[in-house]
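Examination of the molecular architecture
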There are 2 protein chains.
Amino acid sequence: MDLQRIAREIREFEGVTRKKPIAEIINVFESVRCEYSNSVVDFGDDAAVVDIGGDDYILFAADGIWARLINASMWWAGYSSVLVNVNDIAAMGGKPVAMVNVLSSANKEACKELLGGIRDGIAKFGVPMVGGHMHPDTPYTSLSVAIIGTVKKGCEIRSSTARVGDTIIAAYDMDGRVGPNSPYSFDSTTMKEAEEVRRRYRVMQILGERGLVTSGKDISNPGLIGTLGMLIETSHVGARVDLTEIPAPAGIDFIQWLKIHPAIGFVVTSLPEDESEVISLFENAGYRAAGIGSIEDTSRLDICCDGESTAVFDFDIDIVTGINQ
Amino acid sequence: MDLQRIAREIREFEGVTRKKPIAEIINVFESVRCEYSNSVVDFGDDAAVVDIGGDDYILFAADGIWARLINASMWWAGYSSVLVNVNDIAAMGGKPVAMVNVLSSANKEACKELLGGIRDGIAKFGVPMVGGHMHPDTPYTSLSVAIIGTVKKGCEIRSSTARVGDTIIAAYDMDGRVGPNSPYSFDSTTMKEAEEVRRRYRVMQILGERGLVTSGKDISNPGLIGTLGMLIETSHVGARVDLTEIPAPAGIDFIQWLKIHPAIGFVVTSLPEDESEVISLFENAGYRAAGIGSIEDTSRLDICCDGESTAVFDFDIDIVTGINQ
């Protein structure tokens with residue numbers, strides 16, 4: 001494997017580079033954050049953790065659908081808006097509870113297809129759309145969805161809590177296919193029964209409740225390595241990944257696979273002694289999972305293969321999101 | 001007053017007519033709604049009511065910012081995105097807890113101004129932005145915000161619960177000025193201290209907790225009469241409004257005032273015996289409030305003045321949102 005090329009391709013991949021403006025945004029809110037004590041706010045997480053009393057935290061997240069995806073397929077954009085929000089809650093070990101949306105479009109046909117996708121997403125993932133807002137008169141079509149979920153206090157899975165010495169585990173629902181609208185997306189849900197899909201998500205709740213993982217994120221647009229980069233950046237740690245250990249399907253170019261946003265896939269860290277239990281829980285829920293490396297006391301994300309090694313990100317120089325509170 | 005002209009102008013006002021596509025959207029979700037028992041879903045409300053256990057309901061709402069407003073002023077769009085979401089929670093008698101946003105823009109300068117508006121809104125209304133999503137590469141600029149709040153179970157103020165014989169009360173924070181970006185908006189918050197603004201919102205929590213109102217909504221884009229139209233449509237009742245009783249500032253054309261979206265304004269219903277207490281609670285919190293009519297056993301919203309009367313909406317023929325579950 002050409003490690004230099006792999007490192008460069010990931011670094012320059014649009015799914016990674018378009019995360020950079022996030023830090024600038026967050027800094028704007030820094031100055032007015034301090035007075036709110038009921039939010040365990042950490043912008044590096046997939047969802048915010050809000051304490052309203054009681055035994056559970058409220059998880060709260062939002063996702064917009066990339067304009068490029070909307071233009072490729074309205075149905076898919078609607079369906080994906082549910083999927084990506086459910087992933088945000090699952091990544092935190094939470095149970096999704098309800099969604100709201102904001103839809104803007106002057107195109108009635110587009111709207112119908114989008115709504116059809118949302119409806120099918122609701123049915124598949126089992127989370128109701130309880131409200132929203134419609135702009136019937138915009139020159140563009142856009143869709144934003146927000147989601148709330150719940151997680152037992154103390155069982156939430158964070159992004160900022162990976163520690164040196166932890167094992168890194170990647171888990172993919174690999175029973176699917178590339179596409180349909182991008183070579184960097186991988187569909188593993190439309191062809192499955194709802195219960196099969198929901199079973200995969202529940203494993204993250206189990207991992208959180210049993211305290212088996214030390215941190216985690218859903219693998220999203222930046223792909224596995226890019227997502228891990230975001231995780232270690234917020235955790236202030238380094239990582240070393242053995243590329244030969246990464247679960248990958250036959251028949252897909254390996255670099256392409258590294259950039260893929262799977263419908264259902266997670267990267268988590270665990271204590272080394274919990275690795276095999278985490279992997280078998282994932283595997284029993286329908287994933288292919290493997291230990292792919294370890295959290296290191298560096299400021300780099302290194303990839304290695306056959307004794308060679310190179311840095312994808314060096315956080316002394318690079319940023320992915322720039323979130324490292 | 002030319003009642004016919006007033007009725008026609010309200011009926012044809014864009015703030016009212018652009019609400020019509022809502023029903024079509026909701027019908028798409030009808031078919032997949034039944035399996036979710038923890039959501040007290042009513043699309044006619046300003047926020048969804050979600051039961052996650054405990055003493056409180058979670059209120060959950062989303063609002064996008066009208067493209068026209070975004071283009072008029074980025075700062076104002078950001079600020080308003082907080083304001084309209086806080087209004088949604090206040091209208092339900094709730095306490096706002098946290099917001100998330102989805103921001104799309106390729107224009108860095110626009111983003112900065114928008115974010116500055118959001119930051120100032122957070123500081124004014126006292127609700128943190130705990131997360132969100134950024135699309136740095138869209139050809140348009142759009143902003144969606146979602147909010148969660150809490151309300152004691154049984155204290156929530158709904159839109160669908162107005163009953164025949166109730167008094168209709170309008171309350172405006174009238175200490176402000178028209179604009180700045182539309183003749184149909186009225187700013188009463190930018191010039192006030194945060195505590196002055198928050199005091200006005202808290203009155204809705206008090207009204208809900210004391211059970212003094214039977215229904216309510218924040219006065220939004222459709223203006224007072226249009227908003228009341230939405231309320232009675234979801235409540236399956238009629239209404240009669242005496243135009244001479246409506247609180248209105250000197251120096252603003254009356255028809256314009258009826259179309260205005262005030263920064264802080266509510267229309268509520270109460271039992272006739274509670275009317276004076278509701279009005280004095282509003283007045284003590286800084287509003288001008290008055291009983292403006294009553295809920296009737298008709299399917300019309302009638303406006304009257306000096307013994308004359310005409311229908312603005314006849315729900316046997318017209319729809320505002322078409323939501324009348």
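Residues numbered from 1 in each chain as written. Chains lettered and ligands numbered in written order. Predicted model: local features only at pLDDT ≥ 70, side-chain atom pairs only at ≥ 80, totals over all residues. Heavy atoms only, no water.

1. Examining the overall build of chain A
Of the regular secondary structure elements, chain A holds 10 helices and 16 strands. Here chain A has a C-alpha radius of gyration of 19 Å; the compact-globule value for 325 residues is 20 Å, and the two agree. Along the longest, intermediate and shortest principal axes, the C-alpha atoms of chain A span 55 × 50 × 40 Å. A total accessible area of about 11,400 Å² is found for chain A, and carbon and sulfur atoms account for 46% of it. Of the side chains in chain A, 29 bear a positive and 46 a negative charge, and the two mean positions are spaced by 6 Å. (Helix = DSSP H or I, 4+ residues; strand = E, 2+ residues; numbered from the N terminus. Rg over C-alpha atoms; globule rule 2.2 N^0.38 Å. Areas by Shrake-Rupley, 256 points an atom, 1.4 Å probe, with all protein chains shown as cover. Lys, Arg positive; Asp, Glu negative; His and termini not counted. Charge placed at Lys NZ, Arg CZ, Asp CG, Glu CD.)

2. Remarks on the UniProt feature "domain: PurM-like C-terminal" (unreviewed entry) in chain A
The sites that carry the UniProt feature "domain: PurM-like C-terminal" (unreviewed entry) are, in the present numbering, residues 188-302 of chain A. Measuring from the first to the last C-alpha atom of residues 188-302 of chain A gives 29 Å, for a span that is 39% helix and 25% strand. (UniProt positions renumbered as here; feature names shortened; annotations may be inferred.)

3. So, the pairing of strand E13 (residues 265-270) of chain A
Residue and element names in this part refer to chain A. Counting buried positions along E13 gives six out of six residues, so the element sits mostly inside the fold. The alternating pattern of E13 places Gly 265, Val 267 and Thr 269 on one face and Phe 266, Val 268 and Ser 270 on the opposite face, and all of these are buried. Bridging between strand E7 (residues 167-172) and E13 involves six bridges; their strand directions are antiparallel. Looking across to E13, one finds that Ile 169 is bridged to Val 268. With four bridges joining them, strand E10 (residues 215-218) and E13 adopt antiparallel strand pairing. (Buried < 20%, exposed > 50% of the residue type's maximum accessible area, 1.4 Å probe, protein only. Pairing = 2+ DSSP bridges.)

4. Focus: unusual backbone geometry
Peptide bonds are, in most cases, trans, and in most cases residues other than glycine have a negative phi. For the bond running from Gly179(A) to Pro180(A), omega is 10°, close enough to zero to count as cis. Positive phi values are uncommon outside glycine, yet His236(B) reaches one of about 60°. With respect to the helices, strands and loops of the structure, His236(B) is situated in the loop between helix H8 (223-235) and strand E11 (238-242). Residue His236(B) is classed as partly exposed on the basis of its relative accessible area, which comes to 49%. In the Ramachandran plot, Asp306(B) falls in the positive-phi region, its phi being about 50° despite a non-glycine side chain. With respect to the element layout, Asp306(B) can be found in the loop between strand E15 (300-305) and strand E16 (308-314).

5. Here we look at the confidence of the model for chain A
Considering every residue of chain A, the mean pLDDT works out to 90; 91% of them sit at 70 or more. Across the whole predicted complex the pTM is 0.91, and at the interface the ipTM reaches 0.89. (pLDDT = per-residue confidence, 0-100.)

6. Some thoughts on the sheet that holds strand E8 (residues 177-178) of chain A
All names here are of chain A. Across the sheet, three strands lie side by side as E8-E9-E12; this open sheet has mixed pairing. Either end of the sheet is taken by a strand with one partner, and the two such strands are E8 and strand E12 (261-262). Here E8 pairs with strand E9 (residues 185-187) via two bridges, running antiparallel. Paired with Arg 177 across the two strands is Asp 187, which belongs to E9.

7. Overview of the environment of Val267(A)
Residue and element names in this part refer to chain A. Position of Val 267 among the secondary structure elements: in strand E13. A C-alpha to C-alpha distance of 7.1 Å links Val 267 and Ile 168, two positions 99 residues apart in sequence. Among residues more than four places away in sequence, those in contact with Val 267 are Ile 168, Ile 169, Gly 216, Lys 217, Ile 219, Leu 224, Thr 227, Leu 228 and Leu 231. (Contact = heavy atoms within 4.5 Å.)

8. A few points about helix H1 (residues 3-12) of chain A
All names here are of chain A. Burial in H1 covers these residues: Leu 3, Ile 6, Ala 7 and Ile 10. End-on, the buried residues of H1 take up no more than an arc of 95°, which puts them together on one face. Where the residues of H1 are buried, they touch helix H2 (14-17), helix H8 (223-235), helix H9 (254-259), strand E15 (300-305) and strand E16 (308-314). (Arc of directions from axis to C-beta.)

9. Topic: the domain arrangement of chain A
Residue and element names in this part refer to chain A. Domain annotation of chain A identifies domain 1 (3-18 + 157-314) and domain 2 (57-151). Inter-centroid distance (C-alpha atoms) of domain 1 to domain 2 is 24 Å. Across the contact, 25 residues belong to domain 1 and 24 residues belong to domain 2. Where domain 1 abuts domain 2, roughly 1,900 Å² becomes buried across the two surfaces, and 55% of that area is made up of carbon and sulfur atoms. Counting every contact that joins domain 1 to domain 2 gives zero salt bridges. Taken together, the connections running from domain 1 to domain 2 amount to nine residue pairs in polar contact (both at pLDDT 80 or more). Those elements giving two or more residues to the side of domain 1 that touches domain 2 turn out to be helix H7 (194-209) and E10. The greatest single-element share of the side of domain 1 that touches domain 2, amounting to six residues, is contributed by H7. When the residues that make up the side of domain 1 that touches domain 2 are grouped by side-chain class, the tally is eight nonpolar, eight polar and nine charged. (Domains from an automatic or database assignment. Buried area = accessible area lost by both parts, 1.4 Å probe. Salt bridge = Lys/Arg side-chain N within 4 Å of Asp/Glu carboxyl O. Polar contact = N/O pair within 3.5 Å; in protein donor to acceptor, adjacent residues only side chain to side chain. Nonpolar A, V, L, I, M, F, W, Y, C, P; charged D, E, K, R; others polar.)

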